[in-house]
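# Per-entry structural report
Each chain, written out:
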Amino acid sequence: MEQEKKAKVLCLHGFRTSGSFLKKQISKWHPSIFQQFDMVFPDGIFPAGGKSDIEGIFPPPYFEWFQFNKEFTDYTNLDECISYLCDYMVKNGPFEGLLGFSQGATLSALLIGYQAQGKVLTDHPPIKFMVSISGSKFRDPSICDVAYKDSIKVKSVHFIGEKDWLKVPSEELASAFDDPLIIRHPQGHTVPRLDDASVKQLSEWSSRILEDPKNGDLHVPKVLDSEESSGAELAENLVEKVAA
């Protein structure tokens with residue numbers, strides 16, 4: 001019997017890191033959370049244009065999706081990035097959802113908001129959900145007036161760190177979504193370790209996405225083994241902040 005294909009999730013990494021690094025970051029989470037999804041981790045389309053905060057901790061190469069000024073109001077190569085990702089999603093999808101960290105989360109929300117307004121991905125099925133970790137809104141009014149014009153009606157979960165320098169922007173991004181699930185953690189600008197309560201929340205949230213009988217049931221773990229560590233955890237103990 002042919003095995004049922006898993007729903008695909010496109011996972012977009014942070015600034016000047018890589019798809020491989022985000023995969024390591026996510027690997028600290030209990031495997032049951034996304035076990036029924038096919039997680040895809042592409043690299044950004046531009047080589048890192050400067051020093052990466054994970055140099056010496058995680059091997060190169062490093063990438064970025066687009067460039068921006070200090071105020072995050074002016075962007076370079078954003079249109080090229082959006083075109084690339086839309087083409088990638090059509091050719092390699094369809095993708096049921098998006099997951100992103102920092103710059104990747106900011107970009108994921110933009111794609112979903114733009115799709116809802118008929119601006120991009122008109123030849124791709126509607127994105128059904130998003131996982132945002134330390135994401136933020138774009139600040140250019142010409143983008144905001146389209147991407148966040150209406151409340152974004154996809155299922156979303158937003159990880160917001162108490163010590164994250166993007167805490168307030170992350171709150172603002174969550175407010176752009178309809179009925180978002182917000183999971184707060186005491187850490188900084190990082191993919192957080194999850195306590196038992198957060199594992200249960202995220203697993204149940206994932207399970208609701210897979211209510212369609214063809215996707216089966218998602219196992220919800222009772223205990224998260226916090227004793228296990230990964231290379232990503234070591235990296236994040238050494239790096240306090242990964243650039244947006």
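Residues numbered from 1 in each chain as written. Predicted model: local features only at pLDDT ≥ 70, side-chain atom pairs only at ≥ 80, totals over all residues. Heavy atoms only, no water.

### Quick look at the overall build of the protein chain
Rules: Helical segments are the DSSP runs of H or I of at least four residues, strand segments are the runs of E of at least two, and each set is numbered from the N terminus. Three exposure classes are used, based on accessible area relative to the maximum for each residue type with a 1.4 Å probe and protein chains only: buried under 20%, partly exposed in between, and exposed over 50%. By definition, residues are in contact when any of their heavy atoms lie within 4.5 Å. The method behind every accessible area is Shrake-Rupley, applied with a 1.4 Å probe, and residues are considered shielded solely by the protein chains displayed.
Check the secondary structure of the protein chain and you find seven helices and ten strands. Taken across its 244 residues, the protein chain has 52% of its residues classed as buried. At a minimum sequence separation of 6, the contacts of the protein chain that also span at least 24 residues come to 76%. Total accessible area computed for the protein chain in this model is approximately 11900 Å², and 50% of it derives from carbon and sulfur atoms.

### Observations regarding the environment of S52
Inclusion rule: Pairs of N or O atoms within 3.5 Å make up the polar contacts considered here, provided that, within protein, one atom can donate a hydrogen while the other can accept it, and that residues adjacent in sequence are counted only when both atoms are side-chain atoms.
Residue placement: S52 occurs in the loop between β3 (46-47) and β4 (63-64). Residue class for S52 comes out buried when judged on its relative accessible area of 1%. For S52 and E64, which are twelve residues apart along the polypeptide, the C-alpha to C-alpha distance reads 9.9 Å. When near neighbours in sequence (up to four residues on either side) are disregarded, S52 contacts R16 and Y62. Polar side-chain contacts of S52 include one of 2.6 Å to the backbone oxygen of R16.

### Some words on the sheet that holds strand β1 (residues 7-12)
For the record, the criterion: Two strands qualify as a pair provided DSSP detects at least 2 bridges between them. Structural elements are reduced to axes, namely lines fitted to C-alpha atoms, with helices fitted over the stretch in contact, and the angle between N-to-C directions of any two is expressed from 0 to 180 degrees.
What the six strands build is an open sheet, ordered β2-β1-β7-β8-β9-β10; its pairing is parallel. Edge positions in the sheet fall to β2 (37-40) and β10 (181-185), since each of these pairs with one other strand and no more. This sheet shows a mean twist of 15° between the axes of neighbouring strands, independent of strand direction. Sheet analysis places strand β9 (residues 155-161) next to β10, joined by five bridges and oriented parallel. By the bridge assignment, F159 is partnered in β10 with I183. Relative to strand β7 (residues 95-101), helix α3 (residues 103-116) is tilted by about 145°, and along the sheet it contacts β1, β7 and β8 (129-133).

### Some remarks on helix α1 (residues 19-26)
Going by this rule: Directions are taken from the helix axis to each C-beta atom, and the arc is the one they span.
Turning to α1, its buried residues are G19, F21, L22, Q25 and I26. The buried side chains of α1 occupy one side of the element, clustering within an arc of 160° when seen end-on.

### Quick notes on the pattern of salt bridges
Selection criterion: The term salt bridge refers to a pairing of a side-chain nitrogen on Lys or Arg with a carboxyl oxygen on Asp or Glu at a separation within 4 Å.
One pass over the structure, following the stated rule, counts seven salt bridges. Where E64 meets R16, a salt bridge forms, and the shortest distance between an N and an O atom there is 2.9 Å. Of this pair, E64 sits in strand β4 while R16 sits in the loop between β1 and α1; the two residues are 48 residues apart in sequence, bridging distant segments of the chain. Take E64 and R16: they sit in the same class, and that class is buried. As a salt-bridge pair, E55 and K51 come within 3.2 Å of each other at their nearest N and O atoms. With a relative accessible area of 37%, E55 lands in the partly exposed category. Using a relative accessible area of 59% as the deciding quantity, one classes K51 as exposed.

### Remarks on helix α5 (residues 167-174)
For α5, the set of buried residues is P169, S170, L173 and A174. Projection of α5 onto a plane perpendicular to its axis shows the buried side chains occupying an angular sector of 145°, all on one side. Among the structural elements, α3, β8, β9 and β10 are those in contact with the buried residues of α5.

### A word on the packing of helix α2 (residues 78-92) against α3
Condition: Here the word oblique covers every angle except those under 35 degrees (roughly parallel), over 145 (roughly antiparallel) and from 65 to 115 (roughly perpendicular). Gly falls in the polar group here, along with every residue not listed as nonpolar (Ala, Val, Leu, Ile, Met, Phe, Trp, Tyr, Cys, Pro) or charged (Asp, Glu, Lys, Arg).
As a packed pair, α2 and α3 sit with axes 11 Å apart at the nearest point and diverge in direction by 70°. Regarding the angle of α2 to α3, the classification is roughly perpendicular. Listed contacts from α3 to L78, C81, I82, L85, C86 and M89 of α2 are L107, L110, L111 and Y114. In terms of residue class, the contact of α2 with α3 is built from ten nonpolar, no polar and no charged.

### Some remarks on the packing of aromatic side chains
The line we're drawing: Note on ring pairs: Phe, Tyr and Trp rings are taken, using the six-membered ring of Trp, and paired if centres are within 6.5 Å. Classes follow the plane angle, with under 30 degrees stacked, over 60 edge-to-face and the rest tilted. Here, a charge over a ring means that NZ of Lys or CZ of Arg falls within 6 Å of the ring centre while also lying within 35 degrees of the ring normal.
Enumeration over the complete set of coordinates arrives at 17 aromatic pairs. Grouped by ring-pair contacts, the aromatic residues F15, F66, F68, F72, Y75 and F138 constitute a single cluster. Cation over ring: K8 sits above F95, and NZ or CZ is 5.8 Å from the ring centre. Just above the ring of Y148 sits the side chain of K137; from NZ or CZ to the centre is 5.2 Å.

### Overview of the pairing of β8
The condition is simple: Viewed with both strands pointing away, a crossover whose connecting path from the first strand over the helix to the second turns clockwise is right-handed.
By the criterion of burial, β8 is predominantly enclosed, with five of the five residues buried. Alternating residues of β8 divide into F129, V131 and I133 and M130 and S132, and every residue in both groups is buried. Sheet analysis places β7 next to β8, joined by five bridges and oriented parallel. Pairing of G97 across the sheet is with F129, part of β8. Handedness of the β-α-β unit built from β7, α3 and β8 comes out right-handed. Sheet analysis places β8 next to β9, joined by five bridges and oriented parallel. The partner of I133 across the bridge, within β9, is F159. After leaving β8, the chain enters helix α4 (residues 141-147) and then returns to the sheet as β9, a path that is right-handed.

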